[in-house]
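Okay, here's what each chain looks like letter by letter:
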Amino acid sequence: MDFKLTEEQKQIKSLIRQFAKREVDIDHMWELSDKAARAKTLEELRAIQPMDLVKKLNDVGLRQLCVPTKYGGGGVTQGGCMTRAIASEEAGYSMAIGCRLLATPWNHCAQIAGPHTTEEQKDWFFTQFMANPTMHVGHVGSEPSGMTDFSLPYDEPGYSMRTIAHKDGNEWVINGDKMFSSASPVANLIQVIARTDKNAPISKSLSCFFVPKDAPGLTQEVNRLIGGEIFGNCQNHFDNVRVPESNLIGEVNKGGLVFADTIAAKMIVYVSLFGHAQKVYDGLVEYAKERIGGGRPIIQHSHIAQMLGEMSIKMEAVRSLIYRASWENDQRQLAGASVDLYWSLSVFHYARKVCWDLCQIALEIYGGVGTAPEMPVERFLRRVSTWYITGGVPSMNAIKCSMLHNDHKIVQG
């Protein structure tokens, strides 16, 4: 493994940092996030979207980074996990919550560019995406029965994933409820995962579909999250929603393979959170050098130095894990093999745990400021609280990592 950045990766990092410095008002991004968290209707949520900024991201080529070069994109697709991780960390560092404007399209484009969509589907999607500089995609998987994580470790019929799709002629009919979905309120297209065999285990009964936002029978309801999301978050309700056979992604009942690549692509969301954490940590160090306590900078107090030292080790450990996971995913994708979910789930688990630890240390070191809304870590704390349970709580992902790494099952009961 060679973790030395390529010239392309250096250029992407530089482009993101310079764009953020020139165009992104981070305080305004947080204001939009806070407004999104308070929005009660889809109309209210859509009205606050920074589409002018999204168009500027498109103009400089960042939004379409993960679109295949065939369609005029950056080509960071299969085998591009490492480059996406490096870009996502920089986006999180330079744009804070604004990184979601990039992480969302990167996530979906990388997955759609993968092996599970047909050439016709790629043409259909990327032609639209490149023609519409504000086009967004949503992904819906979680359900009321499984909350943010439907892929519980019990592989039993009927335990979770109660959204059902059945075949009717040349169409699929989808019925059920989906609980949490980032970006769906502003999405033009939604990727839905559903059961296509009610009697089979989850691992052998999932299928994925493209559903247009204006499909008859699809309704949405805004979720209000403490961390905000800019693009927002919503529930999706499917009442006899019909899509053509051509909207099936991958093979029937083999949606687990599609989901694995989706998880690998989604890793960049947690990487961008980690990039934001690095910015918070750097600010914490500067504060500790400037604040005087006992006649000297507080970083010179042993207990402060100990906390910051331990956190620096954890931060480097997360970065090393991200690079290893990205490298592992790249090697398998380039070899035409399914990704090993162990690595992506490891990042999901450990990055959030370390971000939570950072919040605790920051509360101690910034303690003299009090818990005012202006506290430097306040917004990061709310963001970490939201993402701590998104995609399954860390303890659940740790169980899955054990199952994958140690080759065992979990028995319900």
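This write-up is about the structure you can find in this document. Keep in mind that what you see is a predicted model, and the values were worked out from it rather than measured.

Comments concerning the overall build of the protein
Along its length, the protein carries 12 helices and 10 strands. Compactness check: the protein gives a C-alpha radius of gyration of 21 Å against a globular reference of 22 Å for 413 residues, within 12% of the reference. Counting only C-alpha atoms, the protein reaches 80 × 50 × 45 Å along its principal axes. Buried residues in the protein amount to 55% of all 413 residues. Taken as a whole, the protein presents about 17400 Å² of accessible surface, with 52% of it coming from carbon and sulfur. The distance from the centre of the 43 positive side-chain charges to the centre of the 45 negative ones in the protein is 2 Å.

What about the packing of aromatic side chains?
What the rule picks out here adds up to 10 aromatic pairs. The interplanar angle of 85 degrees and the centroid separation of 5.6 Å between the aromatic rings of tyrosine 270 and tryptophan 387 together place this pair among those described as edge-to-face. In this pair, tyrosine 270 is assigned in helix H8 (residues 255–290) and tryptophan 387 in helix H11 (residues 378–388), connecting sequence segments 117 residues apart. Judged by centre distance (4.7 Å) and plane angle (55 degrees), the rings of tyrosine 287 and tyrosine 366 are tilted. One end of the pair, tyrosine 287, is in helix H8; the other, tyrosine 366, is in the loop between helix H10 (341–365) and H11, and 79 residues separate them in sequence. Of the residues examined, tyrosine 287 reaches a relative accessible area of 17% and is grouped as buried.

Describing the layout of surface pockets
Here the second largest pocket defines a volume of roughly 540 Å³. Lining the second largest pocket we find 23 residues, and of these Ile26, His276, Lys279, Val280 and Pro376 sit closest to its centre. Listed by contribution, the elements that provide at least two residues to the lining of the second largest pocket are helix H1 (7–23), helix H2 (26–38), helix H5 (81–95), H8 and H11. Taken together, the residues that form the lining of the second largest pocket break down as 12 nonpolar, four polar and seven charged.

Thoughts on H5
Structural remark: α-helix, 3.6 residues per turn; residues separated by three or four positions point the same way. In a regular helix each residue adds 1.5 Å, so 15 residues correspond to 21 Å; H5 covers 20 Å between its end C-alpha atoms and thus fits that length. Directly beyond the C-terminal end of H5, a positive phi value near 50 degrees is found at alanine 96.

Observations concerning the pairing of strand E4 (residues 189–195)
The side chains of a regular strand alternate between both faces of the sheet. Of all seven residues in E4, seven are buried; the element is thus mostly enclosed. Side chains Leu189, Gln191, Ile193 and Arg195 project from E4 onto one buried face, and the interleaved Ile190, Val192 and Ala194 project onto a second face that is buried too. One ladder, built from four bridges, connects strand E1 (residues 137–140) with E4; its direction is parallel. Among the inter-strand pairings, valine 137 is bridged to a residue of E4, identified as leucine 189. With seven bridges joining them, E4 and strand E5 (residues 206–212) adopt antiparallel strand pairing. Residue arginine 195 lies in a different strand from E5, and its bridge partner there is leucine 206.

Side note on the pattern of salt bridges
On inspection of all chains with the given rule, the structure shows 21 salt bridges. The partner of aspartate 357 in a salt bridge is lysine 314, with the nearest N and O atoms 3.0 Å apart. Taken as a pair, aspartate 357 in helix H10 and lysine 314 in helix H9 (residues 302–334) lie far apart in primary sequence, 43 residues in all. Accessibility expressed as a relative area gives 22% for aspartate 357, which makes it partly exposed.

Observations concerning the packing of H10 against helix H12 (residues 394–406)
Geometry of a packed helix pair, given as the angle between the helix axes and the separation of the axes. Remark: H10 packs on H12, axes separated minimally by 9 Å, with the N-to-C direction vectors making an angle of 150 degrees. When the interaxial angle is binned, H10 and H12 end up roughly antiparallel. When you trace H10 past H12, the crossing you get is left-handed. Note on element contacts: H12 touches H10 through Pro394, Ser395, Asn397, Ala398, Lys400, Cys401, Leu404 and His405, opposite Leu341, Tyr342, Leu345, Ser346, Phe348, His349, Arg352 and Lys353.

Conventions and cut-offs
- Residues numbered from 1 in each chain as written.
- Predicted model: local features only at pLDDT ≥ 70, side-chain atom pairs only at ≥ 80, totals over all residues.
- Heavy atoms only, no water.
- Helix = DSSP H or I, 4+ residues; strand = E, 2+ residues; numbered from the N terminus.
- Rg over C-alpha atoms; globule rule 2.2 N^0.38 Å.
- Buried < 20%, exposed > 50% of the residue type's maximum accessible area, 1.4 Å probe, protein only.
- Areas by Shrake-Rupley, 256 points an atom, 1.4 Å probe, with all protein chains shown as cover.
- Lys, Arg positive; Asp, Glu negative; His and termini not counted.
- Charge placed at Lys NZ, Arg CZ, Asp CG, Glu CD.
- Phe/Tyr/Trp six-rings, centres within 6.5 Å; stacked < 30°, edge-to-face > 60°.
- 1 Å grid on protein atoms, 1.4 Å probe; cavity = no way out; pocket = protein on both sides within 12 Å on 5 of 7 lines; lining within 4 Å.
- Points joined across faces, edges and corners; volume = space filled by probe spheres on them.
- Nonpolar A, V, L, I, M, F, W, Y, C, P; charged D, E, K, R; others polar.
- Expected span 1.5 Å × (residues − 1).
- Pairing = 2+ DSSP bridges.
- Salt bridge = Lys/Arg side-chain N within 4 Å of Asp/Glu carboxyl O.
- Axes fitted to C-alpha atoms, helices over the stretch in contact; angles between N-to-C directions.
- Parallel < 35°, antiparallel > 145°, perpendicular 65-115°, else oblique.
- Left-handed = near helix turned anticlockwise from the far one by under 90°.
- Contact = heavy atoms within 4.5 Å.

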